[in-house]
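Understanding the architecture of this molecule
One-letter residues, chain by chain:
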Amino acid sequence: MKRNASLPVIAILAVCVLFACQHSARHRHNISIRFSENGKTYKMQAYFNERKTEEVERYLRDQLRTHDMLAVDEEEGNAHWSSGNRTRLYINSTPGYISIKLKKRENSYASYQQVKDMCQGVAVLLKDH
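Summary of the structure given here. (Residues numbered from 1 in each chain as written. Predicted model: local features only at pLDDT ≥ 70, side-chain atom pairs only at ≥ 80, totals over all residues. Heavy atoms only, no water.)

With that out of the way, let us pick up the environment of Phe-48. Of note, Phe-48 is situated in the loop between β2 (41-47) and α2 (53-66). The spacing of Phe-48 and Gly-96 is 48 residues in sequence and 4.8 Å in space, taken between C-alpha atoms. (Helix = DSSP H or I, 4+ residues; strand = E, 2+ residues; numbered from the N terminus.)

Right, let's talk about the pattern of salt bridges for a bit. Throughout the structure, instances matching the rule amount to three salt bridges. Ionic pairing is found between Lys-104 and Glu-37, a salt bridge with its closest N-O pair at 2.8 Å. One end of the pair, Lys-104, is in the loop between β6 (97-103) and α3 (109-128); the other, Glu-37, is in strand β1 (residues 32-37), with 67 residues separating them in the sequence. Look at Lys-104 and you get partly exposed, because its relative accessible area is 22%. By relative accessible area, Glu-37 is classed as partly exposed at 40%. (Salt bridge = Lys/Arg side-chain N within 4 Å of Asp/Glu carboxyl O. Buried < 20%, exposed > 50% of the residue type's maximum accessible area, 1.4 Å probe, protein only.)

Here we take up α3. Between its first and last C-alpha atoms α3 spans 28 Å; for 20 residues at 1.5 Å apiece the expected length is 28 Å, and the two agree. Looking at α3, one finds that the buried residues are Ser-111, Tyr-112, Val-115, Met-118, Cys-119, Gly-121, Val-122, Ala-123, Leu-125 and Leu-126. (Expected span 1.5 Å × (residues − 1).)

Turning our attention to the environment of Gln-63. Mapped onto the fold, Gln-63 is located in helix α2. Linking Gln-63 and Met-118, residues 55 residues apart in sequence, is a C-alpha distance of 6.9 Å.

Now for the side chain of Lys-52. Mapping Lys-52 onto the fold places it in the loop between β2 and α2. It is Glu-55 that comes nearest to the buried, bridge-free Lys-52 among opposite-charge side chains, at 6.1 Å. At 3.0 Å, the side chain of Lys-52 forms a polar contact with the backbone oxygen of Leu-126. (Lys, Arg positive; Asp, Glu negative; His and termini not counted. Polar contact = N/O pair within 3.5 Å; in protein donor to acceptor, adjacent residues only side chain to side chain.)

Turning our attention to the packing of aromatic side chains. Centre distance and the angle of the planes are the two values used to describe a pair of aromatic rings. Tallied over the full model, the rule gives four aromatic pairs. With centroids separated by 4.9 Å and ring planes inclined at 45°, the aromatic side chains of Tyr-47 and Tyr-97 adopt a geometry described as tilted. Of the two residues, Tyr-47 is situated in strand β2 and Tyr-97 in strand β6; the sequence distance between them amounts to 50 residues. What makes Tyr-47 partly exposed here is its relative accessible area of 27%. (Phe/Tyr/Trp six-rings, centres within 6.5 Å; stacked < 30°, edge-to-face > 60°.)

Right, let's get into the nonpolar core. General note: in soluble globular proteins, nonpolar side chains tend to be found buried as a group. Grouped together as the largest cluster of nonpolar side chains are 19 residues, with contacts concentrated most on Met-44, Val-56, Leu-60, Leu-89, Ile-98 and Ile-100. For this core, the secondary-structure elements that each account for two or more residues are β2, α2, β5 (88-94), β6 and α3. Considering every element that reaches this core, the biggest residue donor is α3, with seven residues. (Core = buried A, V, L, I, M, F, W, Y, C linked by side-chain atoms within 4.5 Å.)

As a further point, take the pairing of β6. With respect to burial, β6 is a largely interior element, five of its seven residues being buried. As paired elements, β2 and β6 share seven bridges and run antiparallel to each other. Looking at the pairing, Ala-46 lines up with Ile-98 of β6. Here β5 hands over to β6 after two residues, with Gly-96 in that stretch at a positive phi of 85°. (Pairing = 2+ DSSP bridges.)

Keep in mind that these numbers describe shape and distance, not what the molecule does.
Okay, structure coming up:
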């Protein structure tokens, strides 16, 4: 009877270990980049090797500096960026993850295109290495 009672516990632990291993492997070796767009927003999400975080952040800082973007309301991993030409975007990042969101109604078509190009650049950066 005691044997049968421990079987579900062992099964649950095995599933948890399997999930943890898959999650860890995804962040070490695989890259997942997703772009989504609708009438209101443009968004990019990427999961990648945590060792590339600094390189991605450096690329984004350079791109944002090129377009005179300034961080507004910056806190741990989250930032709202704005520029003199009224480009506004939202960035959420942690090691191995980045999310960039642009609300179309808050931005011009030129701003949308700049952010879209920047996101494509992040994708190229992640895929090339």
